[in-house]
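Reading the structure
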Amino acid sequence: MEVIKNVGTDDTQSVTLDVANEIFEISGRSLPEDVAVFYEPILDWIDRYSEEATGKTIFNFKLVYFNTASSKMILDILLKLEEMHEAGKDVLVRWHYPEDDEDMEEAGEEYADIVDVPFEQISYSLD
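Residues numbered from 1 in each chain as written. Predicted model: local features only at pLDDT ≥ 70, side-chain atom pairs only at ≥ 80, totals over all residues. Heavy atoms only, no water.

In terms of nonpolar packing, the biggest core is built from 35 residues, with F59, F61, I74, I77, L78 and W95 touching the most fellow members. For this core, the secondary-structure elements that each account for two or more residues are β2 (14-18), β3 (23-30), α1 (35-52), β4 (57-66), α2 (68-86), β5 (91-98) and α3 (102-114). Of the residues forming this core, the biggest block, 8 residues, is contributed by α1. The residues touching W95, leaving out its near neighbours within four places in the chain, are F61, F66, I74, M104, A107, G108, Y111, F119, E120, Q121 and I122. (Core = buried A, V, L, I, M, F, W, Y, C linked by side-chain atoms within 4.5 Å. Buried < 20%, exposed > 50% of the residue type's maximum accessible area, 1.4 Å probe, protein only. Helix = DSSP H or I, 4+ residues; strand = E, 2+ residues; numbered from the N terminus. Contact = heavy atoms within 4.5 Å.)

The subject of this paragraph is a negative patch on the surface. The grouping of E102, D103, E106, E109, E110 and D113 at the surface amounts to a negative patch. Mapped onto the elements, D103 comes out in helix α3. You can call D103 exposed: its relative accessible area is 62%. (Patch = residues over 30% accessible without salt bridge, like charges linked within 9 Å, V, L, I, M, F, W, Y side chains within 5 Å. Areas by Shrake-Rupley, 256 points an atom, 1.4 Å probe, with all protein chains shown as cover. Salt bridge = Lys/Arg side-chain N within 4 Å of Asp/Glu carboxyl O. Lys, Arg positive; Asp, Glu negative; His and termini not counted. Charge placed at Lys NZ, Arg CZ, Asp CG, Glu CD.)

What follows concerns the pattern of salt bridges. Scanning the entire structure with this criterion turns up 6 salt bridges. For R48, the salt bridge is made with E2, and the minimal N-O distance between the two is 2.3 Å. Pair noted here: R48 is in helix α1 and E2 is in the segment before β1 (4-6), with a separation of 46 residues, a long-range link. E2 gets classed as partly exposed once you look at its relative accessible area, which sits at 39%. A salt bridge links R94 to E120; its shortest N-O distance comes to 3.0 Å. With R94 in strand β5 and E120 in strand β6 (residues 119-124), this residue pair connects regions lying 26 residues apart in the sequence.

Our next topic: the sheet that holds β2. Ordered by their spatial adjacency, 6 strands build an open sheet running β1-β2-β3-β4-β5-β6, and the pairing between neighbours is mixed. The outermost strands of the open sheet, each flanked by one partner alone, are β1 and β6. Ignoring which end each strand starts from, the neighbouring axes of this sheet average 15° apart. In this structure, β4 lies alongside β5, joined through 5 bridges in parallel fashion. Its bridge partner lying in β5, I58 is registered against L92. Strands in contact with α1 are β1, β2, β3 and β4; relative to β2, the strand with the most contacts, it is inclined by about 20°. Across the sheet, α2 lies against β3, β4, β5 and β6, angled at about 170° from β4, the strand it touches most. (Pairing = 2+ DSSP bridges. Axes fitted to C-alpha atoms, helices over the stretch in contact; angles between N-to-C directions.)

Turning next to the pairing of β4. By the bridge criterion, 7 bridges tie β3 to β4 in an arrangement that is parallel. Note on β4: the bridge partner recorded for R29 is Y65. Where the polypeptide runs from β3 across α1 and back to β4, its parallel neighbour, the crossover connection is right-handed. Each parallel crossover has a hand, and for β4 linked through α2 to β5 it is right-handed. (Right-handed = clockwise from strand over helix to strand, strands pointing away.)

Written out as structure tokens, the structure reads:
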């Protein structure tokens, strides 16, 4: 399967989707100008991946900020992971957030309440 590796900018997040190295990660700031154009290849990739996933999928979100439009796309990703989980695939979502960022912590908690998929909240220090 092809690898998606987008290096983040001030307005777009870094994305790494790499089956061979078992890296599934979105990090940084998500406020792309056109969220649909930015996220469509990611959602398509997850659809293709879900059909052939065999091992454990640990999907890491390490966002420091996302806008409202991005929040819907993040939910779409989580719903696809939920579908994988419901189909019997081994899926774990890890929501990383800066330890002093209550908004990002709460966003993770809200997503965890919406989707039925194993979910871990992980705080980290910015030091």
